[in-house]
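Residue strings, one per chain:
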Amino acid sequence: MSELGTLEGLPKEYVKGLADRNLVPLWPSLRQVLPYGIPSRRTVPVNWRYKDIRDNLLRAGDLTPIEKAERRVLVLSNPGIGLESMQATPSIYIGMQLILPGETAPNHKHSPSAVRFVVEGEGAKTIVNGEVCPMEKGDLILTPSGLWHEHVHTGHGPVVWLDALDLPLVYALEASYCIEGESQPVSNRPDASQTTYTKAGLVPSSVIRKRGGSDYPLLRFPWRDVSVALQDYASVVDKDELVQLAYVNPTTGQPCLPILGFSAIMLRPGEERTLTRRSASAVLHVQSGKGTALIDGAELDWDESDTMAVPTHANVQIANSSTSEPAYLFVVDDAPMQQKLGFYEEF
Ligand code: 1HN
């Protein structure tokens, strides 16, 4: 491995002459953009504790009416990247959103894709392209790129959910924008998770005949179904197998959104695991339970509704500290994007 030449090693007038022509030499920066063995990562392992977020989010409810916020959100910003960047990881935006009874977060659509994972409260609904999606704790609701969505809350008490978006990527590509709309006419029919895609392996024949249909046939994945599926799966697989299920498009079996991937992990009572090291970055959100994580050497304690950042290529160990109850984690990662772009790896 030879030492590469530095900028200081070049005549000043040469470097200046290049800059005047909007040119820069590669070799002084080559090792920075192409390091040996492992990428250089600014993202740091971090745990955002829900108890800290909750107090501040409720305070935002007092300080800022919904009309002045459009979306009342506190953004989980990775300090290694810089708080102003609003990135939990290089590709994943995470926010915690509060809606109070009687409030409406107005209808819009945008180029980034989003999901909501419900953290607490009852009575809120997200309407996606006319489909009314009830929001119960742990439910995952998709608002894919270009689909109209608005949030309403006709129940009691605060409702909080986690927003995950591919915004950092879409923004970096200078492709992020939004369109406002009138409130949507809503369908009377319950959402597709309750009517049309109620069981894995069963889809309407018409969808198969037409080879496709909607790119996003299933917009809501109720936690009730996910938790039963995890428990059923755990009851049949080897004890040394990780209990993890992916949220997919039921008509293709592919990840339910194009850029970000979503899955749920069940840690059995007392279970400790080393996760497969991967090129993808991730966010781990605690649906329920408590435990510990060791992420690239950083020791983190987690509790219900906490949210952690996992850098690309990180070493991750997670443990459920309860010996009687399972713990459930909701995982967001950018593996679908990396797979499509051809550089996804597992080590
Ligand atoms: C958005 O549309 C929502 O619809 C929440 O609730 C957070 C952050 C950035 C861009 C769009 C929502 C968002 C967002």
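These lines cover the structure that appears in this document, whether it is placed above or below. (Residues numbered from 1 in each chain as written. Predicted model: local features only at pLDDT ≥ 70, side-chain atom pairs only at ≥ 80, totals over all residues. Heavy atoms only, no water.)

1. Observations regarding the site of the ligand
Our working definition: Note on terminology: near, applied to a residue and a molecule or strand, indicates that one of the residue's heavy atoms is within 4 Å of it. Under the rule applied, a polar contact is a pair of N or O atoms within 3.5 Å (in protein, one hydrogen donor and one hydrogen acceptor; residues adjacent in sequence only if both atoms are side-chain atoms). Where accessible areas are quoted, they stem from the Shrake-Rupley method and a 1.4 Å probe; at the residue level, only the protein chains shown are allowed to cover. A run of DSSP states H or I qualifies as a helix once it reaches four residues; a run of E qualifies as a strand once it reaches two. Both are numbered from the N-terminal end. Classes in brief: Ala, Val, Leu, Ile, Met, Phe, Trp, Tyr, Cys and Pro nonpolar; Asp, Glu, Lys and Arg charged; the others, Gly included, polar.
Neighbouring the ligand are the residues R71, Y93, Q97, H108, H110, R116, H149, H151, D163, L165 and L167. Contact between the ligand and H108: an oxygen atom at 2.7 Å from a side-chain N or O atom of the residue. Within the complex, the protein chains bury 85% of what would otherwise be the 330 Å² of accessible surface of the ligand. Those elements that provide at least two residues to the shell around the ligand are β3 (93-99), β4 (104-110), β9 (149-153) and β10 (159-165). Here the residues of the shell around the ligand sort into three nonpolar, five polar and three charged.

2. Concerning the side chain of S113
To be explicit about the condition: We call two residues contacting when some pair of their heavy atoms lies within 4.5 Å.
Position of S113 relative to the elements: it lies in the loop between β4 and β5 (114-120). Setting aside chain neighbours within four positions, we find S113 in contact with T143, P144, S145, A164, L165, D166 and L257.

3. Here's the deal with the packing of aromatic side chains
For clarity, the threshold we go by: Geometry of aromatic contacts follows a simple scheme: Phe, Tyr and Trp rings, the Trp one being its six-membered ring, pair when their centres are within 6.5 Å, and the pair is stacked under 30 degrees between planes, edge-to-face over 60, tilted otherwise. Each residue gets one of three labels from its accessible area relative to the maximum for its type: buried under 20%, exposed over 50%, partly exposed in between, using a 1.4 Å probe on protein chains only.
According to the stated counting rule, one finds six aromatic pairs in the structure shown. Note on F117 and W223: the rings are 6.2 Å apart at their centroids and 85° apart in plane angle, and the pair reads as edge-to-face. With F117 in strand β5 and W223 in helix α7 (residues 223-234), this residue pair connects regions lying 106 residues apart in the sequence. Each member of the pair F117 and W223 is classed as buried. On the basis of an interplanar angle of 80° and a centroid distance of 5.9 Å, the ring pair of Y247 and F330 is categorised as edge-to-face. Residue Y247 is found in the loop between β13 (243-246) and β14 (261-267), and its partner F330 is found in strand β21 (residues 327-333); the two are separated by 83 residues along the sequence. A relative accessible area of 1% means that F330 is categorised as buried. Members of the aromatic cluster, joined through ring pairs, are F117, F221, W223, Y247, F262, Y328 and F330.

4. Examining the nonpolar core
As a reminder, the rule being used: Joining through side-chain atoms within 4.5 Å is the link that ties buried Ala, Val, Leu, Ile, Met, Phe, Trp, Tyr and Cys residues into a set, and such a set is a nonpolar core.
Core analysis: the largest hydrophobic core is formed by 56 residues, its most contacted members being M96, L140, Y247 and F262. Considering every element that reaches this core, the biggest residue donor is β10, with five residues. Residues within four places of L140 in sequence aside, it is in contact with V115, R116, F117, L219, R220, F221, Y247, F262 and F330. Counting residues in each nonpolar core, the second largest holds 18 residues, with L267, V286, W302 and V310 among its members.

5. Quick look at the environment of E346
Here E346 is to be found in the segment after α8 (335-341). Given a relative accessible area of 51%, E346 falls into the exposed group. In the structure, E346 is positioned 33 residues away from H313 in sequence and 8.6 Å away in space, judged by C-alpha atoms. Sequence-distant contacts of E346, defined by excluding residues within four places in its chain, comprise T276, R277 and R278. Among the polar contacts made by the side chain of E346, one reaches the side chain of Y344 at a distance of 2.8 Å.

6. A few points about the sheet that holds β4
Neighbouring strands of a sheet are bound in pairs by backbone hydrogen bonds; such pairs are parallel or else antiparallel. Using the following cut-off: Pairs of strands are assigned from DSSP output, requiring at least two bridges between the strands. Orientation is described by axes fitted as lines to C-alpha atoms, over the contacting stretch for helices, and by angles from 0 to 180 degrees between their N-to-C directions.
Taken together, five strands build an open sheet; the order of strands is β7-β6-β9-β4-β11 and the sheet is antiparallel. Since the sheet does not close on itself, it has two edges, and those belong to β7 (131-134) and β11 (178-180), each with one partner. Each strand axis lies, on average, 30° off the axis of its neighbour in the sheet, ignoring direction. Inspection of the sheet shows β4 paired to β11 by three bridges, in the antiparallel sense. By the bridge assignment for β11, H108 is matched with E180.

7. Brief notes about α7
Put simply, the rule is: One less than the residue count of a helix, multiplied by 1.5 Å, gives the span that helix is expected to have. The directions considered for the arc run from the helix axis to the C-beta atoms.
For α7, spanning twelve residues, the distance from its first C-alpha to its last is 16 Å, which sits close to the expected 16 Å at 1.5 Å a residue. Turning to α7, its buried residues are W223, V226, S227, L230 and A234. Viewed along the axis of α7, the buried residues span an arc of 95°, placing them on a single side of the element. Against the buried residues of α7 lie β5, β12 (220-221), β13, β14, β16 (282-288) and β21.

8. Considering the pairing of β3
Burial runs high along β3: seven of the seven residues are buried. With burial as the criterion, each face of β3 is covered, one bearing Y93, G95, Q97 and I99 and the other bearing I94, M96 and L98. Relative to β3, strand β2 (residues 73-75) runs antiparallel, the two being bridged by three bridges. Counterpart to V73 in the pairing with β3 is Q97. Two strands pair when backbone bridges link them, and β3 and β10 are joined in this way by seven bridges, in the antiparallel orientation. Note on β10: the bridge partner recorded for M96 is L162.

9. Considering the sheet that holds strand β15 (residues 272-274)
Strand order across the open sheet formed by four strands is β15-β20-β17-β18, with antiparallel pairing between neighbours. Looking at strand neighbours, the two that pair on one side only are β15 and β18 (298-302), the edges of this open sheet. Across the sheet, the axes of successive neighbouring strands diverge by a mean angle of 15°, strand direction being ignored. When strand β17 (residues 291-295) meets β18, the two strands line up antiparallel, connected through five bridges. The residue of β18 that forms the bridge with L294 is E299.

Any functional reading would require information that these geometric values do not contain.
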